[in-house]
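# Geometric and topological summary
Now for the letters of each chain:
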Amino acid sequence: MDKATQLNFREPTLEDGRAITNLVKNCPPLDVNSHYVSLLLCRDFHDTCVLAEHDSRIVGFLSAYCPPHRENTIFIWQAAVDSSMRGCRVASRMLDALLSRDNMSDINYLETTITPSNKSSQKLFRSLAKRLNTECRTCCGFPSDLFGEAEEHEAEELYQLGPFTLTPSYGEKSQVS
């Protein structure tokens, strides 16, 4: 059995906060958030985030939330995968684990933003659209000038997937902790 098949997917807890912060720091070009943000994600958005473990070690983290006033939409904020697990479909499997949760049954749209240079994320979300049998549209998300002159940041293109219907048998089931 290879390491990719030995993954456990679960909701994060407050105790995972430090490991999540460190994982994101080690996954450039992801924006590094404060440790406080990791703790907030674990406390307030645990039911829309996914943690991937291999041999009790955190090797992936997907952060997401349901935007206010759009209950049928999930926004994927970041997908971080440890370098030792790249190429093992961890990000794809975390997305599937999230979408297989009971609390996602009313979700019909998925959104994320991706920089033009992040080809692997573009491929990830286009592949997800195919698995969901839906469209993947792109438009302007956040122009680079919104990030300020002091910070060189590429524009973020908005990817919109949907509409889709999640079936009870969709994806890889998460372990809820």
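Starting afresh in each chain, residues are numbered from 1 along the sequence in its written order. Where totals are concerned, whole chains, interfaces and linings use all residues; where local detail is concerned, this predicted model gives features only for residues with pLDDT of at least 70, and gives and counts side-chain atom pairs only at 80 or more. The side-chain quantities take in all heavy atoms of the structure and omit both hydrogens and water.

### Examining the overall build of the chain
Looking only at helices and strands, one finds four helices and seven strands in the chain. For the chain, the sequential pattern of α-helices and β-strands runs β-α-α-β-β-β-α-β-α-β-β. Atoms counted for the radius of gyration: C-alpha only. Globule rule: 2.2 Å times residue count to the power 0.38. Taken over C-alpha atoms, the radius of gyration comes to 16 Å for the chain, in line with the 16 Å a tight globule of 177 residues would show. Projected onto its principal axes, the C-alpha positions of the chain cover 45 × 35 × 30 Å. Relative accessibility thresholds used throughout: buried, under 20% of the residue-type maximum; exposed, over 50%; partly exposed, between the two (1.4 Å probe, protein chains only). Considering the chain as a whole, with its 177 residues, one finds that 45% of them fall into the buried category. Long-range pairs, those at least 24 residues apart, make up 66% of the contacts in the chain with a sequence separation of at least 6. Residue burial considers only the protein chains on display, and all accessible areas are found by Shrake-Rupley using a 1.4 Å probe. With an accessible surface of roughly 9,600 Å², the chain has 51% of that area assigned to carbon and sulfur atoms. The charge count treats Lys and Arg as positive and Asp and Glu as negative. His and the chain ends do not count. Taken as the charge location is NZ of Lys, CZ of Arg, CG of Asp or CD of Glu. Across the chain, the centroid of the 18 positively charged side chains sits 6 Å from that of the 24 negatively charged ones. Secondary structure elements follow DSSP: runs of H or I of four or more residues count as helices, runs of E of two or more count as strands, with numbering from the N terminus. Whether two residues touch is decided by their heavy atoms; if any such pair falls within 4.5 Å, the residues are in contact.

### Quick look at the confidence of the model for the chain
As a per-residue quantity, pLDDT reports the predictor's confidence and falls between 0 and 100. Chain-level statistics for the chain give a pLDDT mean of 91 and a share of 90% at 70 or above. Ranking the elements of the chain by mean pLDDT puts strand β6 (residues 136-142) last with 95 and strand β5 (residues 109-114) first with 98.

### Observations regarding the sheet that holds strand β7 (residues 156-161)
Sheet architecture is open: seven strands sit in the order β1-β2-β3-β4-β5-β7-β6, paired in mixed fashion. Of all strands in the sheet, those bounded by a partner on one side alone are β1 (7-10) and β6. For this sheet, the mean angle separating the axes of adjacent strands, direction not counted, is 25°. Should DSSP find at least two bridges between two strands, the strands are regarded as paired. Relative to β5, strand β4 (residues 73-81) runs parallel, the two sharing four bridges. By the bridge assignment for β5, T73 is matched with Y109. Each axis is a line fitted through C-alpha atoms, taken for helices only over the stretch in contact, and angles between the N-to-C directions span 0 to 180 degrees. Sheet strands in contact with helix α1 (residues 17-25) are β2 (50-54), β3 (57-65) and β4, and its direction is about 90° off that of β3.

### A word on the pattern of salt bridges
Every case where a carboxyl oxygen of Asp or Glu lies within 4 Å of a side-chain nitrogen of Lys or Arg is listed as a salt bridge. For the structure shown, the criterion picks out seven salt bridges. In this structure, D44 engages R43 in a salt bridge whose closest nitrogen and oxygen atoms are separated by 2.7 Å. Residue E111 pairs with R70 through a salt bridge whose shortest N-O separation is 2.9 Å. Taken together, the residues span a long stretch of sequence, with E111 in strand β5 and R70 in the loop between β3 and β4 at a distance of 41 residues. What makes E111 buried here is its relative accessible area of 11%. Classification of R70 by relative accessible area gives partly exposed; the value is 35%. Sharing partners across several salt bridges, the network here consists of R10, D16 and E53.

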